[in-house]
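In case you want the letters, here they are:
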Amino acid sequence: MNSDEKAKRLRGLQEKVNLIFREIDCIELLERAIKEDPETIIQKIIDSGLRGRGGAGFPAGLKWKGAKEAAGGIKYVVCNADEGEPGTFKDRRILDEQTDKVITGMAICAHAVNATEGSIYLRGEYNFLLSKLSAKCNTWNTIFKDKGLVFKVGVKSGSGAYVCGEETALFESMEGKRGEPRNKPPFPVIAGYMDEPTVINNVETLAYAAMIIADGPESFKAIGTKDSMGGKVFSISGDASVKGIFELPLGMNLQEFVDLFGDDDTKAVQVGGSSGVCVPRKNFADTIIGFEGVPTGGSMMLFNSTRSMYHVLENYLEFFEEESCGQCTPCRAGCQQLLKGIEAVRSGEKPLSYIEKLRDLAQVMSVASKCGLGQSLVNPFNSITRYFREEICY
Amino acid sequence: MMLNEIVSTAVKKFGVGREQLLPVLQYVVSQEKWLSEDALLGVARAFDMSAAEVYGVASFYSFLDTKPRGDYVIRVCRTVSCDMAGKEAIMEALEKTLHISVGETTADRKFTLLETNCMGWCAEGPAMLVNDYVYTGLTPEKVVDILQGYMAGA
């Protein structure tokens, strides 16, 4: 494909979805939504097949249903805007350009589950958005009052901790504590913020929820595949011919993706950020981007043949070692040992076979760690050491 | 403003409910750039909490510094995409212009140079934050210009 053909094909794919950045009348949508039965709204979200866009992919409608059915004095809706996964930056733009849609998504959720308070937890690195978001929240709080919806929304700011993107760590942080993940169960829909039933959704999930109520579940379902319905906003970086934020259907295979975004020399794509998997060129054609293949919160990092995958892995491990909250031993000690381990193999202090021990350790971390941070390190570690082993020692 | 005034302003603004601890600490950092022992003790007294617990919370978050920081805290993204886009040359330019290494503060307490993890500008790297303000698409020349602006303006 030449660049014109690529651009045309890309435009075609984007037009197929075009939900997140399409302008709609959010006030009209809210008026319409709060006249609907909460059960009907939840059923529409369930029918749409919408799964969480932060990376974990939990069905959004079931989450809402769980919170609706939970007993509690007060219920909360939290928008997770602690976008910290390396290579992910789409929520920043969605929040900046589609603030109304995200807040409307929160309000529709509040109406559906009978929540009265909402918070946007914004990562500290995005503090430049803080005053704009606070002002928007005030505007919307007046609208809610006018329309008779008992709901109030505000912004809470993070302070530079990746692990706070984990939902229970985020609640701890909102409660003024160290951002250490809690044991699950109980899940947030039963006991979340302040131990009350809480729906916590990613920024993009809430914007999609608003669009599903606006357009109906059928049109959303028509996009993507059986297991991965709808669109997804991708954050594309690294050795890419086109970088940036693109909304595309889920379910593409990685070869199609690389044909559009690669630089004709792509040797690997890290799908899902530093906690996702690294897919080598030979597997591009057989890898589906979606829940049936490689799931992603949107981060797509491309590497060409000039890059050392050792350095990539080392960079990820340094990241995890620093961001591990240190609460549970498998993650705290594991992150340190994996980093020390590959450095020792690299320097020749340990034999190449030592990588097997490290891979076992990553596997242990995946089952013994308390939260997703330690559990998912096995993804990059075992994929990179499997497909690019020779780059670890040379 | 004196430290005790800063703490009392923050407490008046946010209250002393436990869930307001982060906003209060964030406010003190916005004024003082870091949390001194006195600041932590002042906040602990206001919240009727042990100073150790307040310190425990503060030290968890990388933006709630418990070491002295300059007026302008520079945080350069060191994660993969920015690294591949030439972050090392940016660090060199910053270190050479400011005559300090990563983690240090200039003698006049104007600048602190730090590295940070992914800040969400991966397609436009290398990127850095100066306090809350973001700079992207950096080159060594651009970085020197930016620093000179801060040096002249302050």
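Here the structure is a predicted model, which means the values were calculated and not measured. In this convention, every chain numbers its residues from 1, walking through the sequence in written order. Chain letters start at A and ligand numbers start at 1, both assigned in the order the entries are written. With pLDDT at 70 or above as the cut-off, local features in this predicted model cover only qualifying residues; side-chain atom pairs require 80 or more to be listed or tallied, and sums for whole chains, interfaces and linings still use all residues. Each side-chain value is worked out from all heavy atoms of the structure, with water and hydrogens disregarded.

Student: Where do I start with the overall build of chain A in this structure?
Tutor: Numbering goes from the N terminus for both helices and strands, where a helix is a DSSP run of H or I of at least four residues and a strand is a run of E of at least two. Looking only at helices and strands, chain A features 17 helices and nine strands. Overall, the C-alpha framework of chain A stretches about 70 × 50 × 35 Å when taken along its three principal axes. Expressed as a percentage of its 394 residues, the buried residues of chain A come to 60%. Residues are treated as being in contact if the distance between any of their heavy atoms lies within 4.5 Å. Considering only contacts in chain A between residues 6 or more positions apart, those separated by 24 or more positions represent 72%. Residue exposure ignores everything except the shown protein chains as possible cover, and the areas themselves are Shrake-Rupley values with a 1.4 Å probe. Accessible area for chain A stands at about 14,800 Å²; split by element, carbon and sulfur atoms hold 49% of it. Charge assignment in this entry is limited to Lys and Arg as positive and Asp and Glu as negative, and neither His nor the chain termini are counted. Charge coordinates come from a single atom per side chain, which is NZ of Lys, CZ of Arg, CG of Asp or CD of Glu. The centroid of the 47 positive side-chain charges in chain A is displaced by 1 Å from the centroid of its 53 negative side-chain charges. Burial here depends on accessible area, computed with a 1.4 Å probe over protein chains only, as a share of the maximum for the residue type. Under 20% is buried, over 50% is exposed, and the range in between is partly exposed.

Student: How do you make sense of unusual backbone geometry when you look at a structure like this?
Tutor: Most of the time, phi is negative for any residue but glycine, and the peptide bond is trans. Residue A:P185 is joined to A:P186 through a cis peptide bond whose omega torsion reads 0°. Positionally, A:P186 belongs in the loop between α8 (167–174) and β4 (198–202). Of note, the amide linkage connecting B:G125 to B:P126 takes the cis form, showing an omega dihedral of -10°. Of note, B:P126 is situated in the loop between β2 (111–116) and β3 (128–130). If you check the backbone angles, B:D48 has positive phi at about 55° while not being a glycine. Looking at the secondary structure, you find B:D48 in the loop between α3 (37–47) and α4 (51–58).

Student: Explanation requested: the domain arrangement of chain B in the structure shown.
Tutor: Where the parts come together, the accessible area they lose is often given as the size of the interface. When the domains of chain B are assigned, the result is domain 1 (3–60) and domain 2 (72–153). Throughout the structure description, domain borders are defined by an automatic or database domain assignment. Of note, the centres of domain 1 of chain B and domain 2 of chain B, computed from C-alpha atoms alone, are 28 Å apart.

Student: Would you explain the packing of aromatic side chains in this entry?
Tutor: Each aromatic ring pair is described using two quantities: the centre-to-centre distance and the angle formed by the ring planes. Only Phe, Tyr and Trp rings take part, Trp by its six-membered ring, and two of them pair if their centres are within 6.5 Å. Stacked means planes under 30 degrees apart, edge-to-face means over 60, and tilted covers everything else. Tallied over the entire structure, the rule returns 17 aromatic pairs over all chains. Relative to A:F151, the ring of A:F144 lies with its centre 5.4 Å away and its plane at 50°, an arrangement referred to as tilted. Of the two residues, A:F144 and A:F151, both sit in the buried class. Here the aromatic cluster, defined as three or more aromatic residues joined through ring pairs, consists of B:Y72, B:F111, B:Y133, B:Y135 and B:Y150. Should the NZ of a Lys or the CZ of an Arg lie within 6 Å of a ring centre and within 35 degrees of the ring normal, that charge is described as sitting over the ring. For A:R92, the ring lying beneath its charged end belongs to B:W121, and the centroid distance is 3.4 Å. Here the guanidinium or amino end of A:R123 rests over the ring plane of A:Y126, the centre of that ring lying 5.1 Å away.

Student: Looking at this model, I keep getting lost on the nonpolar core. Mind explaining?
Tutor: A general feature of soluble globular proteins is that nonpolar side chains tend to end up buried together. In these notes, a set of buried Ala, Val, Leu, Ile, Met, Phe, Trp, Tyr and Cys residues joined through side-chain atoms within 4.5 Å is what counts as a nonpolar core. If you look at the biggest cluster of nonpolar residues, it comprises 71 residues, and the most contacted ones within it are A:F303, A:F381, A:I384, B:L25 and B:V43. With eight residues, helix α12 (residues 309–323) of chain A is the single largest residue contributor to this core. When sequence neighbours within four positions are dropped, the list of residues in contact with A:F303 reads A:D239, A:D265, A:T266, A:K267, A:A268, A:Q270, A:M309, A:V312, A:Y316, B:V80 and B:M84.

Student: I'm lost on the sheet that holds strand β8 (residues 277–280) of chain A in this one. Help?
Tutor: Sheet strands line up and pair through hydrogen bonds in the backbone, either parallel or antiparallel. Residues and elements named next belong to chain A. The pairing criterion for strands is at least two bridges between them, as found by DSSP. Read from one edge to the other, the open sheet built from five strands follows the order β6-β5-β9-β7-β8, with strand pairing classed as mixed. Whereas interior strands pair on both sides, the edge strands pair on one side only; in this sheet they are β6 (244–249) and β8. The mean angle between the axes of side-by-side strands here comes to 30°, regardless of whether they run parallel or antiparallel. In this sheet, β6 lies alongside strand β5 (residues 231–238) in antiparallel orientation, the contact comprising six bridges. In the sheet register, I236 faces β6, and the bridge partner there is G244. In this fold helix α5 (residues 90–97) packs onto β5 and β6, with an angle of close to 125° to the strand it touches most, β5. For helices, the axis comes from a line fit to the C-alpha atoms of the stretch in contact; other axes are also lines fit to C-alpha atoms, and the angle between any two N-to-C directions lies between 0 and 180 degrees.

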